[in-house]
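Here are the chains, one letter per residue:
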Amino acid sequence: DQQVKQNSPSLSVQEGRISILNCDYTNSMFDYFLWYKKYPAEGPTFLISISSIKDKNEDGRFTVFLNKSAKHLSLHIVPSQPGDSAVYFCAASDNNYGQNFVFGPGTRLSVLP
Amino acid sequence: NAGVMQNPRHLVRRRGQEARLRCSPMKGHSHVYWYRQLPEEGLKFMVYLQKENIIDESGMPKERFSAEFPKEGPSILRIQQVVRGDSAAYFCASSPRASGRQETQYFGPGTRLLVL
C-alpha cells in the first residue's frame, strides 16, 4: 500500500511557464513533507519542505502548498528552466515514529526550451 | 564542506557473494539512514542508525541484510549471499544531531549494486 502517491509519472512544460507537481498521501499522521530533486546517477537533493502547521512555504522559484483536509500537496516552479528537468520525489514523515521518510514514486519533469 | 559520501559508486557481485556499502555522513551529522531504490520506483526506507545504535530497522529484510554505524568510521550496509533481486541503487542520508523534530536528510550519490 502506497502511503505517498505521485500519480503523474511524467510532466512536460515549456520554459518560462509554471510547473505543478502533485502529491497525495493517505496517512493522516504525517506532519512533515519534503520535495527532493534527483538527476540521473546522483542522489536526491533537498529542495523545500513544509510543516503541517503551515499551508504554504516559498523559496525563490519554488513554492509548496499543503492541503491537509485533502491530504494533498503540490510543488510549483515558476518560471520553469531547462535545468529543472529532473525526477521530483515527494516525501513525508510522521515524527512520532522516528525520522524515516516515506517517498513517493517520483515525477519526471521535462522543461522544454 | 563535503557532503554525504558513499563508496563504491558501482558494485558488481555474483549471486552468493557479499556486498559491503559504505557511507560517510556530513560533518557534524550523527544520524544515518539507508534507502533502496528499485528501477522505476521511489526510495524505500531500510534502516536508521545513530552512532553505535540501530534506532529503526523496520524496512530491513529479515535475512541477509545488516547495518552498523560504529563509533569511528563510516556506516556499513552489508548484504550477504546476494541475489539478483538485490540489484538496486542504495542511498545513504544523514541529518544533524536531532535537537527536535523535522530534521531534513541530506543524501549521498548512491551505490548502484548489480548482481549477476
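Up top is the structure.
Residues numbered from 1 in each chain as written. Chains lettered and ligands numbered in written order. Predicted model: local features only at pLDDT ≥ 70, side-chain atom pairs only at ≥ 80, totals over all residues. Heavy atoms only, no water.

Q: Teacher, can you tell me more about the overall build of chain B here?
A: A tally of regular secondary structure across chain B gives 0 helices and 11 strands. Its helices and strands taken in sequence order, chain B reads β-β-β-β-β-β-β-β-β-β-β from the N to the C terminus. Computed over C-alpha atoms, the radius of gyration of chain B comes to 14 Å, within 12% of the 13 Å expected from 2.2 N^0.38 for 116 residues, which places it in the range of a compact globule. Dimensions along the principal axes, computed over C-alpha positions, put chain B at roughly 40 × 30 × 25 Å. Contacts in chain B between residues at least 24 apart in sequence constitute 53% of all its contacts with a sequence separation of at least 6. (Helix = DSSP H or I, 4+ residues; strand = E, 2+ residues; numbered from the N terminus. Rg over C-alpha atoms; globule rule 2.2 N^0.38 Å. Contact = heavy atoms within 4.5 Å.)

Q: How should I be thinking about the pairing of strand β7 (residues 62-67) of chain A in this particular structure?
A: Walk down a regular strand and you will see the side chains alternate between the two sheet faces. Residues and elements named next belong to chain A. In this structure, strand β6 (residues 56-59) lies alongside β7, joined through 4 bridges in antiparallel fashion. Of the residues in β7, the one forming a bridge with glutamate 58 is threonine 63. What sits between β6 and β7 in their antiparallel hairpin is a turn of 2 residues, with glycine 60 showing a positive phi close to 65°. Both β7 and strand β8 (residues 72-77) contribute to a ladder of 6 bridges, which runs antiparallel. Bridge pairing in β8 links threonine 63 to histidine 76. The antiparallel hairpin formed by β7 and β8 contains 4 residues in its connecting segment, where lysine 71 sits at a positive phi of about 50°. (Pairing = 2+ DSSP bridges.)

Q: Could you clarify how one ought to interpret the interface of chain B and chain A in this entry?
A: In many reports, interface size means the accessible area that the parts give up when they come together. Contacts between the two partners involve 24 residues from chain B and, on the opposite side, 21 residues from chain A. For the pairing of chain B and chain A, the buried interface totals around 1800 Å² over both sides, and the portion due to carbon and sulfur atoms is 50%. Connecting chain B to chain A are 0 salt bridges. Run the count over chain B and chain A and you get 4 residue pairs in polar contact (both at pLDDT 80 or more). By residue number, the principal contributor to the side of chain B that touches chain A is strand β4 (residues 29-37) of chain B, which donates 4 residues. For the side of chain B that touches chain A, the class distribution of residues is 9 nonpolar, 9 polar and 6 charged. (Buried area = accessible area lost by both parts, 1.4 Å probe. Salt bridge = Lys/Arg side-chain N within 4 Å of Asp/Glu carboxyl O. Polar contact = N/O pair within 3.5 Å; in protein donor to acceptor, adjacent residues only side chain to side chain. Nonpolar A, V, L, I, M, F, W, Y, C, P; charged D, E, K, R; others polar.)

Q: Hey, could you run me through the pairing of strand β9 (residues 88-96) of chain B in this one?
A: Residues and elements named next belong to chain B. The buried fraction of β9 amounts to 8 of the 9 residues, a majority that puts the element mostly inside the structure. With 8 bridges joining them, β4 and β9 adopt antiparallel strand pairing. For tyrosine 35, the partnering residue across the bridge sits in β9 and is phenylalanine 91. Note: β9 against strand β11 (residues 111-115), 3 bridges, orientation antiparallel. Opposite alanine 88, over in β11, you have leucine 113 as the bridge partner. Of the strand pairs in this sheet, β9 and strand β10 (residues 106-107) are connected by 2 bridges, and their pairing is antiparallel. Bridged to alanine 93 within β10 is phenylalanine 107. (Buried < 20%, exposed > 50% of the residue type's maximum accessible area, 1.4 Å probe, protein only.)

Q: I'm lost on a nonpolar patch on the surface in this one. Help?
A: Side chains of A:Ile18, A:Ile20 and A:Val78 sit close together on the surface and give an oily, nonpolar patch of about 220 Å² of accessible area. Structurally, A:Val78 can be placed in the loop between β8 and β9 (86-93). (Patch = residues over 30% accessible without salt bridge, like charges linked within 9 Å, V, L, I, M, F, W, Y side chains within 5 Å. Areas by Shrake-Rupley, 256 points an atom, 1.4 Å probe, with all protein chains shown as cover.)

Q: Please clarify how the pattern of salt bridges should be interpreted in this entry.
A: Note that side chains of opposite charge can pair when their charged atoms are close. Inspection of the entire model under this criterion finds 5 salt bridges over all chains. Between A:Glu58 and A:Lys56 there is a salt bridge, with the nearest N and O atoms lying 4.0 Å from each other. Residue A:Lys56 is classed as partly exposed on the basis of its relative accessible area, which comes to 44%. A salt bridge links B:Glu18 to B:Arg20, with the nearest nitrogen and oxygen atoms 2.8 Å apart. By relative accessible area, which is 35% here, B:Arg20 ends up partly exposed. Through salt bridges with shared partners, a single network forms among B:Glu18, B:Arg20 and B:Arg78.

Q: How do you make sense of the sheet that holds strand β8 (residues 75-79) of chain B when you look at a structure like this?
A: Sheet strands pair by backbone hydrogen bonding; their relative direction is either parallel or antiparallel. All names here are of chain B. Spatially, the 4 strands line up as an open sheet ordered β1-β3-β8-β7, and their pairing is antiparallel. Two strands lie at the open edges of the sheet, namely β1 (5-7) and β7 (65-68), each paired on one side alone. The sheet shows a mean angle of 15° between the axes of neighbouring strands, direction not considered. Relative to β8, β7 runs antiparallel, the two being bridged by 4 bridges. Considered in β8, the bridge of glutamate 68 is made with isoleucine 76. (Axes fitted to C-alpha atoms, helices over the stretch in contact; angles between N-to-C directions.)

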